[in-house]
2 protein chains.
Amino acid sequence: MGFREDVRKIKALTDENRLAIMLALQHGEKCGCVLLEELNITQPTLSHHMRILCDSDLVVGRKDGKWMYYSISPEGVAAFREMIGTYARCDCEGGNETGNCCCSVGA
Amino acid sequence: MGFREDVRKIKALTDENRLAIMLALQHGEKCGCVLLEELNITQPTLSHHMRILCDSDLVVGRKDGKWMYYSISPEGVAAFREMIGTYARCDCEGGNETGNCCCSVGA
DNA sequence: TTGATACATTGACAACTATCTATATATGTG
DNA sequence: CACATATATAGATAGTTGTCAATGTATCAA
């Protein structure tokens, strides 16, 4: 199966700085230079992380003049969570089909 | 914030073999030797992966004689999805509080 | 055009990870 | 006890990843 692509996408969230970036973007788009002020990393490192987040489709970038505005992708986030749900799930009494399974928690 | 612990847990799902294991356990517990037959890896490598999955609380192990039976942890899975949801989320029109946000998809 | 700003790319390096072989431990069987 | 089976641990190694300094590219203003 195509586990490789899923692994690649999940890896987008396996870095402390990238988690911080996801939180930083939660209330709307920000440009790179603003993110840079919030994270104790250099500009090339931020560029590296933004590329990974965009490649995972969790984040989208919009270029405006010399600025890059980044924002959470609602579609990407939804697809991500759905994908995670295919692996982080179980068959408990409620059943997954009915939506009553404990795995529906935090959905 | 404690991103480190979250990163460690998310890393549990960033390996193709571990994703395959999560799927293999989805319909009930299996002992290590059965998993070993389904995955083209050596026994020490399986042991390594099971340790990581158990450390992440996505899987629990039960020792019975010389066998180790592994199964999905419903609580661990629920906590994992909830944790993922704190990072893979957005503020779109529906709003996160009401549960109508697009980020509720695949929950 | 010159200079400043925002961002991307390159190359190097340390840290981490998945994998294997070899070996150890534990359990059950004759 | 000796032996087989199931699993864990140790050590080695190749590949990956996050980071930085240095440099390149693009945009805008004076």
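Residues numbered from 1 in each chain as written. Chains lettered and ligands numbered in written order. Predicted model: local features only at pLDDT ≥ 70, side-chain atom pairs only at ≥ 80, totals over all residues. Heavy atoms only, no water.

Undergrad: What am I meant to see in the overall build of chain A here?
TA: Scanning chain A from terminus to terminus reveals five helices and three strands. Helices (α) and strands (β) of chain A occur, in sequence order from the N terminus, as α-α-β-α-α-β-β-α. With 107 residues in all, chain A has 44% of them scored as buried. Sequence separation of at least 24 residues holds for 47% of the intrachain contacts in chain A that already meet a minimum separation of 6. (Helix = DSSP H or I, 4+ residues; strand = E, 2+ residues; numbered from the N terminus. Buried < 20%, exposed > 50% of the residue type's maximum accessible area, 1.4 Å probe, protein only. Contact = heavy atoms within 4.5 Å.)

Undergrad: I would appreciate a short explanation of the interface of chain A and chain B in the present structure.
TA: You'll often see interface size given as the accessible area lost when the parts meet. Counting from both sides, the interface comprises 38 residues of chain A and, opposite them, 38 residues of chain B. Across the chain A to chain B interface the summed buried area is about 3500 Å²; carbon plus sulfur atoms make up 71%. Scanning the region where chain A abuts chain B turns up two salt bridges. In this structure, arginine 4 of chain A engages glutamate 16 of chain B in a salt bridge whose closest nitrogen and oxygen atoms are separated by 3.5 Å. Between the two partners, chain A and chain B, sit four residue pairs in polar contact (both at pLDDT 80 or more). (Buried area = accessible area lost by both parts, 1.4 Å probe. Salt bridge = Lys/Arg side-chain N within 4 Å of Asp/Glu carboxyl O. Polar contact = N/O pair within 3.5 Å; in protein donor to acceptor, adjacent residues only side chain to side chain.)

Undergrad: Can you help me understand the relation of the copies chain A and chain B in this one?
TA: Least-squares fitting of chain A to chain B yields an RMSD of 0.0 Å, with the transformation described by 0.0 Å of translation along the axis and a rotation of 180°. What the rotation and shift describe, once combined, is the action of a two-fold rotation axis. When the interface residues of chain A are mapped onto chain B, 100% of them are again interface residues, pointing to one common binding face. (Least-squares fit on C-alpha atoms with pLDDT ≥ 70 in both.)

Undergrad: Could you clarify how one ought to interpret the side chain of serine 56 of chain A in this entry?
TA: Residue and element names in this part refer to chain A. For serine 56, the location among the structural elements is in the loop between helix H4 (43-55) and strand E2 (59-64). Overall, serine 56 belongs to the buried group, its relative accessible area being 2%. Not counting the four nearest positions on each side in its chain, serine 56 is found in contact with Arg8, Lys9 and Ala12.

Undergrad: Help me understand the sheet that holds strand E1 (residues 30-31) of chain A in this model?
TA: What links the strands of a sheet is backbone hydrogen bonding, and the strands pair in either a parallel or an antiparallel sense. All names here are of chain A. Taken in spatial order, the three strands make up an open sheet running E1-E3-E2, and their pairing is antiparallel. Two strands bound the open sheet, and with one partner strand each, they are E1 and E2. Sitting on the sheet, H4 touches E2 and strand E3 (67-72), and the angle it makes with E2 is about 120°. (Pairing = 2+ DSSP bridges. Axes fitted to C-alpha atoms, helices over the stretch in contact; angles between N-to-C directions.)

Undergrad: Would you take a moment to explain the protein's contact with DNA strand C for this structure?
TA: Surveying the vicinity of DNA strand C reveals 23 residues, the closest of which are Cys33 and Gln43 of chain A together with Asn17, Arg18 and His49 of chain B. Sugar plus phosphate, as a fraction of atoms of DNA strand C within 4 Å of the protein: 71%. Between glutamine 43 of chain A and DNA strand C, the recorded distance is 2.7 Å, taken from a side-chain N or O atom to a base nitrogen. Taking methionine 68 of chain A, its main chain carries an N or O atom lying 2.9 Å from a phosphate oxygen of DNA strand C. Broken down by secondary-structure element, the contributors of at least two residues to the surface near DNA strand C are helix H3 (32-38), H4 and E3 of chain A together with helix H2 (16-24) and helix H4 (43-55) of chain B. It is H4 of chain B that provides the largest number of residues to the surface near DNA strand C, a total of five residues. Looking at side-chain class alone, the surface near DNA strand C contains eight nonpolar, nine polar and six charged residues. (Near = heavy atom within 4 Å. Nonpolar A, V, L, I, M, F, W, Y, C, P; charged D, E, K, R; others polar.)

Undergrad: Explanation requested: helix H2 (residues 16-24) of chain A in the structure shown.
TA: For the α-helix, the turn length of 3.6 residues means that residues three or four positions removed from each other point alike. Looking at H2 of chain A, one finds that the buried residues are Arg18, Leu19, Ala20, Ile21, Met22 and Ala24 of chain A. With a side-chain oxygen lying 2.8 Å from the backbone nitrogen of asparagine 17 of chain A, the N-terminal cap of H2 of chain A falls on aspartate 15 of chain A.

Undergrad: Just checking my understanding: could you explain the layout of surface pockets for this structure?
TA: Unfilled space is identified by rolling a water-sized probe across the atoms. All names here are of chain B. Approximately 210 Å³ is the volume attributed to the largest pocket. What lines the largest pocket is simply Cys31, Gly32, Cys33, Leu36, Gln43, Leu46, Ser47, Met50, Lys66, Trp67, Met68 and Tyr70. When residues of the lining of the largest pocket are traced back to their parent elements, those giving at least two are helix H3 (32-38), H4 and strand E3 (67-72). In terms of residue count, the dominant contributor to the lining of the largest pocket is H4 (four residues). (1 Å grid on protein atoms, 1.4 Å probe; cavity = no way out; pocket = protein on both sides within 12 Å on 5 of 7 lines; lining within 4 Å. Points joined across faces, edges and corners; volume = space filled by probe spheres on them.)

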